[in-house]
Amino acid sequence: MARVLVGVKRVIDYAVKIRVKPDKKGVVTDGVKHSMNPFDEIAVEEAVRMKEKKIASEIIAVSCGPAQSQEVIRTALAMGVDKGIHVEIPAAEYETLQPIHVSKILAKIAEKEKIDLIIVGKQAIDDDSNQTAQMTAAVLDWPQATFASHIEKGDKELTVKREVDGGMETIKCKIPAVISADLRLNEPRYATLPNIMKAKKKPIAKMTPKDLGVDISPRIEIVSVEDPPVRQPGVILPDVDALVGKLKEGGHI
Amino acid sequence: MLRKLLTNGHIRCARRFSSSKAIPELTKDRYNVKRGEYSLLTDGHMAFFMNLLGQNRVINDPSECESYNIDWIKNVRGQSRCILKPRTTEEVSKILEFCNENKLAVCPQGGNTGLVGGSVPVFDEIVISTALMNQIESIDEISGVIVCQAGCILENIDQQIGEKGLMVPLDLGAKGSCHIGGNVSTNAGGLRLLRYGNLHGSVLGVEAVKANGEILDCLSTLKKDNTGYHLKHLFIGSEGSLGVVTKVAIQCPTKPKAINMAFLGVESFDSVLTTFRRCKNELGEILSSFELIDALSLDVVTGHYKMQSPIPQFPFYILIETHGSCNEHDEEKLNRFLESAMGDGVVLDGTATNQPSKMKQLWELRESITQGLLMDGYVFKYDLSIPIKEFYAIVDVMNEKIGKDAVRICGYGHIGDSNIHLNLSFKEYSKEMHNKIEPFVYEYTSSLKGSVSAEHGIGFRKSKYVHYSKSPAAINLMQDIKRMMDPNKILNPYKVLPESS
């Protein structure tokens, strides 16, 4: 049976309206409701189902970030994950934490915990990077099965259906491997009360990037964050000649 | 982009395309109604309206008129050939003055989401649509009082005032389409009445136009004003039969900082009542909604819409929502309540959350039942106020009476307000079933001194049944008031009051 590592990120809840901070250096996060990245929920659900099918033996959830990141680890525990690891990163450094850093952290933990399968969401809904799975696989020199919409585990290999631009692609890859979960992989369960209560007793280990020997110095500088341009209203024109005129004006014809 | 993808999931699509029923029979054919002695629409009349509103705001094309003629649950269909879309109170006034002089019947229409056929014409009444009267005129952040035109969509008001830290005091499944003028005219109830009360309390003032076109300005923004009769109440709940509401002033509560929800599964109706008592005790001031869903009602949305239930199957489900000013306090109260209720075995399973996305999903489970039922076929809907101990008994009674003949007999609703939505769905309409169900349901309700229409109103379909919940003296007085305010009976005829003798 496989030992599974799931990466979970705390992001602003997708039903909340995003506001840009007045200093234009980021978005407002103070007092705003956060939750687990929806694609990570799908990853957790897949891992829990593997455990229920006795394909996985133990599931560990990892989250990198400030103290509040523990909330999403608790949610993962309430969904059926066995234990959690919180890689504590102070708020200031968290601003510039990138997939390149996270992938190294996940790789180190995977080595320490003798992990066979890493499952993460395909991307986070705040940065839309879609890089962590790929980079983690590269650091570990493991195969990667990204945008997974169906996973079947054989003895020593995985058969994964991937949703790609041209359609569906089915690949086989050896284990250990890194998987990134896509929308249609599964429908995550709700955390139910008995499990929420059980989760309070499950352990969450704490560590720092330094403990893992990972350097998280910033590689980027956030120059500015702005709202997308406001959509201009359409104009109703009286006739075809006016339309042609406007198209010429705009340089479209 | 992905955020939009997640919120516009398949559930929303199912909502848009779910009404697959053919158009209903004309009301005049299905029901035994005779057209009143109103004038027929002439070219001269049309010319007046076109002159007043302009060509774009007068609809007379038969296919365009169709959606204004059919109610949301596709039960009734009128034959109006003239839809008017005024922008201002003055335009409504001129329209009514003209119609009154020329004895033309009118049907005021908001979002057309009513469930008793009150919002569409029965014959060829002229529809006065509030769709273009959609301006919020003022928002007072300190007092929480807002003033807006009758055609503002409830959800839009909520979003706009939400930016100023306020919320509308009512919430219902139709909020994306219903107009506040319609809500006020029907005294809509909804999901939060338990906490924020009735519109009679939260509406501070009303501006309405009388049948003769006179503008009645009772648009006060004062919480306390005891200077004479409180006329605004005449228009709250009279369903457009005493005047057309054009503006409202509403006292809006502060938008809560902390919202929590729980979805629970219990074994029996007794457990539901026990849970309710404990909720009131242990959650008290933060409780904002307490809704019941029976197993067959949940099956509507898990079956037709393939929505996910948070917990395994139980005979009854309870949806609880809390509103408060401090999340830590509310979470603690809620968790303590849930731990003790589960520990004692009153609640068998459940989920709790304060994540906006998850709460939205839980509310969708409850709010989509009404629309989902339409996919069963033809639905007989009853909205009853019944003493809380007997609340669910009516479902068992109807099961005994009708049983296997129906596709589904289920009950759900605002148990916190003692208001059950009883639904019996069949593959198609049949007079035989209609007569088996009515007037039995009303007689049963009346025998328990309940209301035959808790919040949906009377409209067209229930005027024969008003007497089950109101005394003859009361009905007589209503008819006196109607005669005084609308002597030509042009406002929303054939509805609300039974035919006077």
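Being a predicted model, the structure only gives us computed values, none of them experimental.

Draft legend 1. Structural context of the overall build of chain A. The helix and strand inventory of chain A stands at 7 helices and 11 strands. Projected onto its principal axes, the C-alpha coordinates of chain A cover approximately 70 × 40 × 40 Å. The buried share of chain A, taken over its 253 residues, is 44%. Of the contacts made within chain A by residues no fewer than 6 positions apart, 70% connect residues no fewer than 24 positions apart. As displayed, chain A offers around 13400 Å² of accessible surface, 52% of which is attributable to carbon and sulfur atoms. When the 38 positive and 37 negative side-chain charges of chain A are each reduced to one mean point, those points stand 5 Å apart.

Draft legend 2. Focus on the pairing of strand β14 (residues 378-385) of chain B. Residues and elements named next belong to chain B. Among the 8 residues in β14, 7 count as buried, and that is most of the element. In this sheet, strand β16 (residues 419-426) lies alongside β14 in antiparallel orientation, the contact comprising 8 bridges. Bridged to aspartate 383 within β16 is histidine 421.

Draft legend 3. View of the pattern of salt bridges. Taken as a whole and assessed by the stated rule, the structure comprises 35 salt bridges over all chains. With a shortest N-O distance of 2.8 Å, A:Glu52 and A:Arg189 are connected by a salt bridge. Taken together, the residues span a long stretch of sequence, with A:Glu52 in helix α1 (residues 38-52) and A:Arg189 in the loop between β10 (177-181) and α6 (193-199) at a distance of 137 residues. Taking relative accessible area as the criterion, A:Arg189 reaches 24% and is therefore assigned partly exposed. Across the pair B:Glu285 and B:Lys333 runs a salt bridge whose closest N-O atoms are separated by 2.9 Å. Residue B:Glu285 is located in the loop between α12 (269-282) and β11 (287-294), and its partner B:Lys333 is located in helix α14 (residues 327-343); the two are separated by 48 residues in the primary sequence. Here the salt bridges share partners, and the residues they tie into one network are B:Asp171, B:Lys175, B:Arg192, B:Glu321 and B:Glu367.

Draft legend 4. Layout of the nonpolar core. The biggest cluster of nonpolar side chains holds 58 residues, and the ones touching the most others in it are B:Ile320, B:Ile394, B:Leu422 and B:Leu424. Excluding residues that lie within four positions of it along the chain, B:Ile320 makes contacts with B:Asn260, B:Met261, B:Ala262, B:Leu264, B:Cys279, B:Leu283, B:Leu287, B:Ser289, B:Phe290 and B:Phe337. If you look at the next biggest cluster of nonpolar residues, it comprises 41 residues, including A:Ala2, A:Met36, A:Ile119 and A:Ile125.

Draft legend 5. Summary view of the interface of chain A and chain B. Taken together, the contact between chain A and chain B spans 30 residues of the former and 26 residues of the latter. Together, the buried faces of chain A and chain B total about 2500 Å²; carbon and sulfur atoms form 59% of this surface. Sorting the residues of chain A by area buried against chain B places A:Tyr14, A:Tyr190 and A:Leu193 first, and these three jointly supply 34% of that buried surface. At the boundary of chain A and chain B, one finds 3 salt bridges. Among the salt bridges present, the one from B:Glu339 reaches A:Lys200, with a minimum N-O distance of 3.7 Å. Across the contact surface, chain A and chain B share 7 residue pairs in polar contact (both at pLDDT 80 or more). For the side of chain A that touches chain B, the leading source of residues is α6(A), giving 4 residues. Looking at the side of chain A that touches chain B residue by residue, the class counts come to 16 nonpolar, 5 polar and 9 charged.

Draft legend 6. Expanded view of the environment of B:Leu172. Residues and elements named next belong to chain B. Tracing the backbone through its elements, the reader meets leucine 172 in the loop between α7 (154-162) and α8 (180-185). C-alpha of leucine 172 to C-alpha of serine 469: the two residues are 297 residues apart in sequence and 24 Å apart in space. With sequence-adjacent residues up to four places away left out, leucine 172 is seen in contact with Leu154, Cys178, Asn183, Gly190, Leu191 and Glu367.

Draft legend 7. Highlighting the sheet that holds strand β10 (residues 258-266) of chain B. All names here are of chain B. Overall, antiparallel pairing links the 7 strands, which are arranged β13-β10-β12-β11-β15-β16-β14 in an open sheet. The outermost strands of the open sheet, each flanked by one partner alone, are β13 (349-353) and β14. Shown here is a sheet whose adjacent strand axes are inclined to one another by a mean of 15°, direction ignored. Against the sheet, helix α15 (residues 356-367) engages β10, β11, β12 (316-324), β13, β15 (408-414) and β16, with an angle of about 50° to β10. Along the sheet, helix α19 (residues 440-447) makes contact with β14 and β16, crossing β14 at roughly 10°.

Draft legend 8. The packing of aromatic side chains, seen in detail. Residues and elements named next belong to chain B. Within the structure shown, the criterion is met by 21 aromatic pairs over all chains. Here phenylalanine 269 and phenylalanine 391 contribute two aromatic rings whose centre-to-centre distance is 6.1 Å and whose plane-to-plane angle is 5°, an arrangement assigned as stacked. Note that phenylalanine 269 is positioned in helix α12 and phenylalanine 391 in the loop between β14 and α17 (393-401), a separation of 122 residues in sequence. Judged on exposure class, the residue phenylalanine 269 and its partner phenylalanine 391 are both buried. Seen in terms of ring centroids, phenylalanine 440 and tyrosine 444 are 6.3 Å apart; in terms of plane orientation they differ by 35°. Their pairing is tilted. Here the residue phenylalanine 440 and the residue tyrosine 444 both occupy positions in helix α19, the gap between them amounting to 4 residues, near one helical turn. Here tyrosine 444 falls in the buried class, since its relative accessible area comes to 18%. One aromatic cluster in this structure is built from Phe269, Phe316, Phe391 and Tyr392.

Draft legend 9. Representation of the pairing of β13(B). All names here are of chain B. Of all the 5 residues making up β13, 4 are buried; the element is thus mostly covered by neighbouring parts of the structure. As paired strands, β10 and β13 are joined by 5 bridges and run antiparallel to one another. Bridge pairing in β13 places glycine 265 opposite aspartate 349.

Draft legend 10. Highlighting the side chain of B:Asp71. Residue and element names in this part refer to chain B. Examined against the element boundaries, aspartate 71 turns out to sit in the loop between α5 (62-69) and β2 (83-84). Buried within the structure, aspartate 71 lacks any salt-bridge partner; its nearest side chain of opposite charge belongs to arginine 461, at an N-O separation of 5.2 Å. Engagement of the side chain of aspartate 71 in a polar contact is seen with the backbone nitrogen of valine 76, the distance being 3.2 Å. Apart from the residues lying within four places of it in its own chain, the contact partners of aspartate 71 are Val76, Asn112, Gly117 and Val120.

Draft legend 11. Up close: the UniProt feature "domain: Electron transfer flavoprotein alpha/beta-subunit N-terminal" (unreviewed entry) in chain A. UniProt's feature table lists "domain: Electron transfer flavoprotein alpha/beta-subunit N-terminal" (unreviewed entry) at residues 24-216 of chain A, given in the numbering used throughout. Secondary structure content for residues 24-216 of chain A is 31% helix and 31% strand, while the C-alpha to C-alpha distance between its ends is 24 Å.

Draft legend 12. Highlighting the sheet that holds β2(B). Residues and elements named next belong to chain B. One open sheet accounts for 4 strands, arranged β1-β2-β4-β3; its pairing is mixed. Across the chains shown, the open sheet's two edge strands, defined by having one partner strand only, are β1 (58-59) and β3 (106-109). Across 2 bridges, the pairing between β2 and strand β4 (residues 126-129) is parallel. In the sheet register, leucine 84 faces β4, and the bridge partner there is isoleucine 128.

Draft legend 13. Quick look at the domain arrangement of chain B. Considered domain by domain, chain B is made up of domain 1 (27-129), domain 2 (136-251), domain 3 (256-370) and domain 4 (377-469). On a C-alpha basis, the centres of domain 1 of chain B and domain 3 of chain B stand 42 Å from each other.

Draft legend 14. Layout of a nonpolar patch on the surface. Residues and elements named next belong to chain A. Where nonpolar side chains cluster on the molecular surface, the patch consists of Val240, Val244 and Ile253 and spans about 290 Å² of accessible area. Structurally, the position occupied by isoleucine 253 is in the segment after α7 (240-249). By relative accessible area, isoleucine 253 is classed as exposed at 62%.

What counts, and at which threshold
Residues numbered from 1 in each chain as written. Chains lettered and ligands numbered in written order. Predicted model: local features only at pLDDT ≥ 70, side-chain atom pairs only at ≥ 80, totals over all residues. Heavy atoms only, no water. Helix = DSSP H or I, 4+ residues; strand = E, 2+ residues; numbered from the N terminus. Buried < 20%, exposed > 50% of the residue type's maximum accessible area, 1.4 Å probe, protein only. Contact = heavy atoms within 4.5 Å. Areas by Shrake-Rupley, 256 points an atom, 1.4 Å probe, with all protein chains shown as cover. Lys, Arg positive; Asp, Glu negative; His and termini not counted. Charge placed at Lys NZ, Arg CZ, Asp CG, Glu CD. Pairing = 2+ DSSP bridges. Salt bridge = Lys/Arg side-chain N within 4 Å of Asp/Glu carboxyl O. Core = buried A, V, L, I, M, F, W, Y, C linked by side-chain atoms within 4.5 Å. Buried area = accessible area lost by both parts, 1.4 Å probe. Polar contact = N/O pair within 3.5 Å; in protein donor to acceptor, adjacent residues only side chain to side chain. Nonpolar A, V, L, I, M, F, W, Y, C, P; charged D, E, K, R; others polar. Axes fitted to C-alpha atoms, helices over the stretch in contact; angles between N-to-C directions. Phe/Tyr/Trp six-rings, centres within 6.5 Å; stacked < 30°, edge-to-face > 60°. UniProt positions renumbered as here; feature names shortened; annotations may be inferred. Domains from an automatic or database assignment. Patch = residues over 30% accessible without salt bridge, like charges linked within 9 Å, V, L, I, M, F, W, Y side chains within 5 Å.

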